[in-house]
Each structure stands twice: as C-alpha cells, then as structure tokens.
Amino acid sequence: MTQYTTPRTVNVTEFMQRTLVYLKPYRIMAAANILLAMLTISFYFMYPQITQYIIDAVIAKRQESMIIPAAVALTGAFLLHAVSNALRIAVNTRFGQKVILDMRRDVYDHLLSLPTGFFDRHASGDLMTRIIDDVASVQRILTDGVERALTTFMSILAVLVILLFKSYSLTALALLPLAVLTAGALWYTFSAHPGYRSQRREIGKLNALIMDSLQGIRQIKAYGREEFESIRFSGQAERLRQSTIKVMDIWAVYTPSMTFAGSLGTVLVLWAGTPMVMHGQLSLGELVGFLFYLGLFYEPVGRIDGLNQMVQSARASSERLFTILDLDTERKESTGNTPFPEKVLGDVRYESVSFGYKEGVPVLKNISLHAAPGEKIALAGSTGAGKTSMVNLLLAFYRPVSGKIFIDSRDISSVPIHSLRKQISLVSQEPFLFNGTIRDNLLYGQLEASLEKMLAAADAANCSAFIEALPEGYETLVGERGVMLSSGEKQRISIARALLKDAPVIILDEATASVDNATEQLIQEALDRLMKNRTSFVIAHRLNTISNADRILVLHHGEIVEEGTHTELLNKQGRYTRFWMIRNEQERVATQVWPNETMDKEAF
Ligand code: M5T
Ligand code: MG
C-alpha cells in the first residue's frame, strides 16, 4: 500500500533561502539574463517617446520630411528590442536548464539514498511527478520568476519616473487603482496556495495510477479489466480536473479584475487630461505619450499577477520536494565511518535479532545464528515465516528493532552502508532486470569488468548458450523489468550478475516459480558455482538446494524452530520432516507431468 505524505507548509522565507542557493553557481548568467531583459524593455520605452514626437513635432508642425528619420529611429528601436530579446531568451533557457538539472539531480540522489522502507510506502508515479514536474515548477520561479520580478519592478520604477516627469497630477490619478491591485494580490496569495497544493497532489496520484497500471498491463488484459481501469483512471483524472478548475477559477476572478482596476487609471487620465489639452495646459502629443507610458506601467503591474501565480504553484511544489529532501538518508543510519576491508572473510552472526515492519507486528523474534566463512546455510519454512525479512536485515534494507548482526565480528550498523553492501551479492526471489541490453544487465554486477570476465560469468551461470543463440546476442534488449526473457533466463542472468560482483557473502532467495527439470539443472549448476567458497544464505524451495546445505534453519512465525543438517533434521521427525515429505510429493508429481524430460542442455 502506498501512502501520501502530507507536505508541511513552507513559508516564503524558507522557500527563498532553500531555492536561491541553486542560482549561486550561475551568478554571471543570472546577471546577464537580467541585464538583457532590462535592455529589451528599455528599447521598447522609446516607442511612446517617438510617437509623441511624431504627433507634436511632425504632424502638428507639418514637418512631413521628418517622418523618415522618425520611422528609421522607431525601426531601429524595435530591431534592437528584438535582438536583445532573442539573446535574453537564449541565456535564460541555458541558465534555467542548468538550475533544473542541478535540482533534479539533488532530488534524485536524495531519493536513491532513502531507506528501503520509504519506497514501500510511496507510489513510484508520485515520486516521478516530484522529480519531473515539481522540480520544473520551482525552477521556473527561480529563473523566469527572478528575471520577471526584477525587470518588472525596474520597469515599473522607470516608467513611474517618466510619468512623474511628464505630469505630477496625472500620475497621481493614474496610481489610484494601485490600492485595489495590492489588496487583490494579497487575496490571491492566500486563496490560491491551498488550491495549487491539492492540484499537485492530484497530479502525483494520477501519475502513480498510470505507472501502476502500465506495469500491470498483462494482468489488466488477462482479467479483462480494461474498462475497470478506465473508470479508475477517469475518476482520478476527474479529481485532477476539478482541482485544476478550482485554481483556475480563482485565477479567472483575479486577473481580469486586476486588469479592470488598472484600466480605471487610463479612464481617470483621459477624464482629467482631455480638458488639460483643451485648455492648453498639455499638448496632444504629451497626453498620447502619457497614455502610452501608462500602458507600459500597467502592463508590468499586470505581470505581477502572473508572477504571483508562479510563486504559489512553486511554493506548493517546493513543499513536495522539501518533504523528500528533509528525510534522513540511510547513510545516516550507520554510526561508523570505517569501511570493511576490500573483502571480508564472511563470518556472519545474528545475535538475538528481532524485527517488524510495523510497530507491534513482530516478523522476526529473537533470531540468533552463526555462519562460518564459506558455510552454506539454508533457510526453510512456510510462506510468510520471515525468510526474506531475515536476509533483508543483512543487507540493511531495514534495521533490527533489537539485537545485532555482525560480519567478521563487526556490528553492521557501524559500517558505512555502501561498504556493507559491497560484500553481499543478492539474487532475489523475483529476478529484476533493467531496461537495457543483456550486456548492461550483466555488467551491473561490476561496471568495469572486462569482456572476458563478463563472458566467463555468463558461462558459469549457464546463460552463454541461450544468449549466443539470440540474433543480437549480448546486445539483445530485455525490455522493462526483463519482460522479453523467460523467468529461467532472467534468473540465470541475475546469477551471472551476482557472480560478476564477486562478493564474499551470497544471499539467494530462490524463486518459487517452478521451471522444468532441464532449466532447474542449469540453474542449480549456476548456483553451485556462485556459492562455492562463499558464505551463502539460501532461502530454499528446492529439495536439492536444501539437502546440499551445510546447515538448515527452519523458520516458523519468525522464530528458528529447528536447526541442523538434512539427516539430523529428518531424524527429528518434526516440522522439517513434514516439509520435506510435502515437497518430495510435489516434485514427484511435477516430474510425472513431464516424464520424458531430458537433462539435455542443448534443449535451449
Ligand atoms: C514475513 C511481512 C509479510 C509476512 C512477514 C517483505 C515484507 C514482508 N512483510 C511486510 O510486512 N513487509 C515487507 O516488505 O513480513 O514475510 P517474508 O519475510 O517475506 O516471508 P518469507 O520470505 O518467509 O515468505 P515466502 O512466501 O517468500 O516464502 O507476514 O506480510
Ligand atoms: Mg520470501
């Protein structure tokens, strides 16, 4: 089950402090961006001035010949405006993309280093939304927003000075609507923020739903649940639609009323300015020029609304990002800094370890065991007994509630987590392959491995034959999660990957899915090679693996109830004996289904 962690409220100060640091490395680009933006605007400022000149000096004074230089000057101003605007956009894009890259990388790195338990509780689609959309929304305010804010305020200031120069009284009148605009901006700030927050949440949920259903596409088809899924999708898409409408409704009231309030300034100026022109206190050109400049004043004032909208959306997004960035990484969980040597001997000891995923629900109770270097320990027991959980603790995917685990006499909680995991190879119950080529997946075990080493591992894991038979060989794409391969093939690739890692401790969670005898034999051989000379914990479902183990631990409801070699345990006539007999019967039936199955490897 996934849950939605309610983000905490982020106030404006925190928002500024934590986001502005991303601009720091790009100070020069930011400065260039703002400079270009101001230049762009100032070229535009020449337009009203030239218009005023044309009316008063050209038209009124009937100086027809002056129209040419005026037109040339105007063209020049527009051209310069266009050029500097193009440069501004180019700089802004580069700068913005750098910031987005840094931020995305930070969030992603932090996400990767969070404890495994975090991912049990969060939907991948929602996390993806945060990395893609929320980061973009914060970046937008940082690069475009800062540019816009500075240029807006500077141009408002500049136009204000020009207006005051032209006429005190008209400017005073023109500014009257500002009071309404300020009140409106405050109202919007408070009412839009919660709306954006819920809109972000609904987007996250929708992405989570899409991701989940795409991963289960085969189940959807097999159960014929297309319509069911479509209804589920529509439900969530509808919630997103509603929450978007809520924010946009607020916006719909806000911007037009602000534009209206701003326009009242123009009405007031016309109302007071017309008699002034008629009484000769003002030239016609001056009035027109003033009105043009007033347009240039209210245009950036209007932009403040857009800016405010960006801020509210970015604040909601930043809350979702900070909620993740503030979580402790799993590195913080280990208390020491001294790593293991390059390779440990592989002496593993559990000392009275108890554990549960949820408080009050114990999954492992007082587990103690000792595995000497090179020993092969089988973990047997019914489903849900806690076998996987037990090995999860060795990899520090989770930490014990009480008790300790030692490797070579060192408490693993005092070892840096990377160093610990370097010592352990995991072949999990459901082999997972990444969406790439077979070669990529093999090399995941050791990125720098030579070709010979990789081929040797593939050979030892009995996969070279089937890989070489593929038309593209090692370059074959395996598809998402390795869907293009059979489960027996996936398993052997995951064994080869573990072989390449060459760690002294092996955890092998045997697949429960049964494969045919020939494959079973191939996998068994691969596993034997993998476990040789390594301390191995095998969660065994196959009789072969169990009976070959040096020691068998039988788990029941999170406790070790029996322990010994195969013969010792059979003699006990206890839980293990029963387990053995049931498995024996199952395997006998399985062989009867395929009585003529040969062990021929070439069958692949
Ligand atoms: C032991 C619970 C599970 C079961 C118990 C992995 C996992 C398990 N559990 C959780 O609550 N959260 C988890 O992330 O823990 O489960 P196990 O250790 O997976 O059992 P197993 O490996 O012995 O079973 P199986 O079926 O693989 O043979 O109650 O619900
Ligand atoms: Mg398991």
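This write-up is about the structure you can find in this document. Just so we're clear, the structure is a prediction, and the values are computed from it rather than from any experiment.

**Focus on the site of ligand 1**
Right, on to step 1. Ligand 1 sits among Tyr357, Val363, Thr383, Gly384, Ala385, Gly386, Lys387, Thr388, Ser389, Tyr398, Gln429 and His541.
Right, on to step 2. Contact between ligand 1 and Ala385: an oxygen atom at 3.3 Å from a main-chain N or O atom of the residue.
Right, on to step 3. Protein contacts shield 65% of the accessible area of ligand 1, which totals 620 Å² for the unbound molecule.
Right, on to step 4. Along the lines of polarity and charge, the residues of the shell around ligand 1 split into four nonpolar, seven polar and one charged.

**Brief notes about the nonpolar core**
Right, on to step 1. Counting 43 residues, the largest nonpolar core has Leu442, Cys463, Ile493, Ile495, Leu530, Ile552 and Tyr576 as its most contacted members.
Right, on to step 2. Here this core gets six residues from one element, more than from any other, and that element is helix α16 (residues 487-501).
Right, on to step 3. Core analysis: the second largest hydrophobic core is formed by 34 residues, Leu369, Ile377, Ile407 and Phe537 among them.

**Focus: helix α14 (residues 451-460)**
Right, on to step 1. For α14, the complete set of buried residues consists of Met454, Ala457, Ala458 and Ala460. Down the axis of α14, the sector holding all buried residues measures 165 degrees, keeping them to one side.
Right, on to step 2. In the stretch just after α14, Asn462 is the one whose phi turns positive, near 60 degrees.

**Let's talk about the environment of Val83**
Right, on to step 1. Along the chain, Val83 turns up in helix α3 (residues 67-112).
Right, on to step 2. Note on Val83: relative accessible area 46%, which makes it partly exposed.
Right, on to step 3. Along the backbone, Val83 and Asp106 are 23 residues apart, and their C-alpha atoms lie at a distance of 35 Å.

**A short note on unusual backbone geometry**
Right, on to step 1. Of note, the phi angle at Asn462 is positive, near 60 degrees, even though the residue is not glycine.
Right, on to step 2. When you line up the elements, Asn462 lands in the loop between α14 and α15 (464-469).

**Describing the pairing of strand β7 (residues 505-509)**
Right, on to step 1. Burial analysis of β7 places five of its five residues in the buried class, the great majority of the element.
Right, on to step 2. Pairing of strand β6 (residues 424-427) with β7 involves four bridges; the strand directions are parallel. Among the inter-strand pairings, Ser425 is bridged to a residue of β7, identified as Ile506.
Right, on to step 3. Bridging between β7 and strand β8 (residues 535-539) involves five bridges; their strand directions are parallel. Within β8, the position partnered with Val505 by the bridge is Thr535.

Scoring rules and cut-offs
Residues numbered from 1 in each chain as written. Chains lettered and ligands numbered in written order. Predicted model: local features only at pLDDT ≥ 70, side-chain atom pairs only at ≥ 80, totals over all residues. Heavy atoms only, no water. Near = heavy atom within 4 Å. Polar contact = N/O pair within 3.5 Å; in protein donor to acceptor, adjacent residues only side chain to side chain. Areas by Shrake-Rupley, 256 points an atom, 1.4 Å probe, with all protein chains shown as cover. Nonpolar A, V, L, I, M, F, W, Y, C, P; charged D, E, K, R; others polar. Core = buried A, V, L, I, M, F, W, Y, C linked by side-chain atoms within 4.5 Å. Buried < 20%, exposed > 50% of the residue type's maximum accessible area, 1.4 Å probe, protein only. Helix = DSSP H or I, 4+ residues; strand = E, 2+ residues; numbered from the N terminus. Arc of directions from axis to C-beta. Pairing = 2+ DSSP bridges.

The values are spatial; any link to function lies outside them.
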